[in-house]
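Spelled out, the chains give:
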Amino acid sequence: MKTWLKNPLAILVDDQNDARGGIVIENDKIIELIALGAEPSSPVDSIIDASEQVILPGLINTHHHFYQTLTRAHPDAINKELFAWLKSLYPVWAGLTEEMIHVSTRLAGVELLMSGCTTAADHHYIFPETAREALDIQVDAINSVGIRATLTRGSMSLGEDEGGLPPRNTIQTEDAILTDCERVIDQYHDASEGSMLQVALAPCSPFSVSENLMKDSAVLARQKNVRLHTHLAETHDENEFCLKIFGVRPVDYLERVGWMSDDVWLAHGIHFTDNEIVRLGKAGVAVTHCPSSNMILGSGQCPILDLEKAGSPVGLGVDGSASNDCSNLIQEVRQALMLQRLRYGSAAITHFDAYRWVTKGSAQCIGRDDIGEIAVGKQADLALFKLDEARFSGAGDPLAALLLCGASKADAVMVAGEWKVKDGELVDTDLNGLIAEHTAAARALTH
Ligand SMILES: [Zn+2]
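Residues numbered from 1 in each chain as written. Predicted model: local features only at pLDDT ≥ 70, side-chain atom pairs only at ≥ 80, totals over all residues. Heavy atoms only, no water.

A few points about the coordination of the zinc ion
Next up, step 1: With distances of 2.1 to 2.4 Å, the protein atoms coordinating the zinc ion are His63 (NE2), His65 (NE2), His231 (NE2) and Asp319 (OD).
Next up, step 2: Given four donor atoms and angles of 87 to 172° at the metal, the environment of the zinc ion is assigned as irregular.
Next up, step 3: For the zinc ion, the donor residues sit on a single chain with the sequence spacing H-x1-H-x165-H-x87-D. Here aspartate 319 lies in the loop between strand E14 (314–316) and helix H11 (329–344) and histidine 65 lies in the loop between strand E7 (59–61) and helix H1 (82–93), a separation of 254 residues in the sequence. (Donors = N, O, S within 2.8 Å, 3.2 Å for Na, K, Ca; no water. Tetrahedral: all angles 85-135°; square planar, octahedral: opposite > 155°, others 65-115°. Helix = DSSP H or I, 4+ residues; strand = E, 2+ residues; numbered from the N terminus.)

Structure below.
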């Protein structure tokens with residue numbers, strides 16, 4: 001089955017002229033770029049007129065906590081910085097059940113899809129007694145959404161009584177964590193080209209995980225050839241915690257536990273010294289920028305251009321929905337553009353930079369070379385936007401307009417050659433039913 005998406009209003013490719021006539025999809029892959037006025041090299045089965053649509057590669061979200069959609073704008077947590085915010089929410093999250101994890105994963109998945117996201121990484125690190133098999137639950141839920149996913153098996157092992165931040169009823173023993181990590185990698189990780197589901201290991205943060213677990217997670221991940229993820233250098237409080245407990249700053253700690261490597265991607269990456277940026281870049285450590293979360297919690301700004309210049313790939317993430325408090329990836333691209341302009345100036349950051357972070361940069365974060373780009377041989381993951389809302393009326397450059405005028409909703413989304421969103425609506429999910437189910441779960445968790 002070959003489909004020609006013909007004559008798009010604009011398309012994000014390295015050279016616009018290569019694909020002004022559109023692209024041809026066959027099954028789950030992009031097989032041809034068509035120059036303006038040209039025809040596909042062989043007959044196609046269907047032609048879709050894309051003349052009112054801007055075509056982007058499917059956007060890639062590289063840091064999230066799906067379950068946090070259940071505690072958005074929680075009254076005990078709003079208007080706080082990270083550590084106080086976490087301490088308010090840990091006791092609530094300790095009540096998560098399997099049903100809550102399932103519905104929150106589905107809700108976040110479709111929220112992302114509708115914003116143009118085709119691949120999402122999630123970092124689930126709460127495994128209370130009521131939901132020990134949280135990752136298995138997430139696998140089932142995310143498969144039902146049809147979005148491509150990297151599910152990271154998160155973990156917390158350093159409780160309050162040992163100097164950590166989380167309460168005891170939210171952590172697990174190192175043995176239990178590592179056993180489950182190995183099990184879920186063996187059971188679910190698919191490393192093949194076009195994979196719909198990958199697994200990575202993600203001890204939560206320096207202030208919630210023991211040093212041994214950081215080291216042992218790295219050993220296991222390398223044995224199994226999966227990637228490593230964690231939160232790092234998010235706040236000044238974290239710096240102080242690392243100096244006090246480990247006697248070193250976060251990047252030195254990262255090095256000490258064997259994580260200074262190109263199979264690692266970090267969430268946030270804000271409070272680095274110049275020298276630390278050079279070391280991270282040299283090692284090829286990737287960083288996920290989460291602008292909304294950083295602004296809501298007042299954490300600071302990720303030095304993206306310095307990191308990229310040093311050699312670190314940089315991607316984007318919406319972060320957990322209790323610190324964003326939404327899961328809209330195209331809006332996050334606009335946030336990144338604006339926050340980074342505040343740091344580097346508007347001449348230094350173009351809309352193409354912001355698109356690079358959420359496509360190729362994000363793909364590098366999660367270690368994939370089959371997505372993140374509209375090019376022959378890549379997966380057919382696409383996000384199509386129309387400029388027919390009032391906010392776009394009068395807009396000149398379509399690709400710039402999506403970000404500058406503030407697009408928030410994709411018109412159509414394709415994952416692995418299949419339409420998941422059409423005419424702005426989900427193809428195979430009853431959204432109102434899902435919202436009702438999710439709202440009830442949130443009430444049960446927070447009351
Ligand atoms: Zn996070």
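With respect to the packing of aromatic side chains
Each aromatic ring pair is summarised here by two numbers: the centre-to-centre distance and the angle between the ring planes.
Next up, step 1: A complete count under the given rule lists nine aromatic pairs for this structure.
Next up, step 2: Centroid distance tryptophan 85 to tryptophan 93: 5.7 Å. Interplanar angle 75°. Geometry classified as edge-to-face.
Next up, step 3: Residue classification places tryptophan 85 among the buried positions, given a relative accessible area of 5%.
Next up, step 4: Given a relative accessible area of 0%, tryptophan 93 falls into the buried group.
Next up, step 5: For the ring pair phenylalanine 207 and phenylalanine 241, a centre distance of 6.3 Å and an interplane angle of 80° mean the geometry is edge-to-face. (Phe/Tyr/Trp six-rings, centres within 6.5 Å; stacked < 30°, edge-to-face > 60°. Buried < 20%, exposed > 50% of the residue type's maximum accessible area, 1.4 Å probe, protein only.)

Concerning the nonpolar core
Next up, step 1: Among the nonpolar cores identified, the biggest contains 120 residues, and Leu56, Trp85, Leu86, Trp93, Phe272 and Leu280 are the most heavily contacted of them.
Next up, step 2: Take this core: its biggest share by element is nine residues, from helix H2 (residues 98–114).
Next up, step 3: Among residues more than four places away in sequence, those in contact with tryptophan 85 are Gln68, Ala77, Lys80, Trp93, Leu297, Ala322 and Ser323. (Core = buried A, V, L, I, M, F, W, Y, C linked by side-chain atoms within 4.5 Å. Contact = heavy atoms within 4.5 Å.)

Looking at the sheet that holds strand E15 (residues 382–386)
Next up, step 1: If you walk across this open sheet you meet the six strands as E2-E6-E15-E16-E17-E18, and the pairing is mixed. Each end of this open sheet is capped by a strand with a single partner; those strands are strand E2 (10–11) and strand E18 (425–426).
Next up, step 2: The sheet contact formed by strand E6 (residues 53–57) and E15 spans five bridges and is antiparallel. Note on E15: the bridge partner recorded for glutamine 53 is lysine 386. (Pairing = 2+ DSSP bridges.)

A short note on the environment of glycine 377
Next up, step 1: Within the fold, glycine 377 resides in the loop between helix H12 (351–365) and E15.
Next up, step 2: Between the C-alpha atom of glycine 377 and that of aspartate 319, which follows or precedes it by 58 residues, the distance is 30 Å.
Next up, step 3: Once you skip the residues sitting within four places of it in the chain, glycine 377 turns out to touch Lys29, Ile30 and Glu193.

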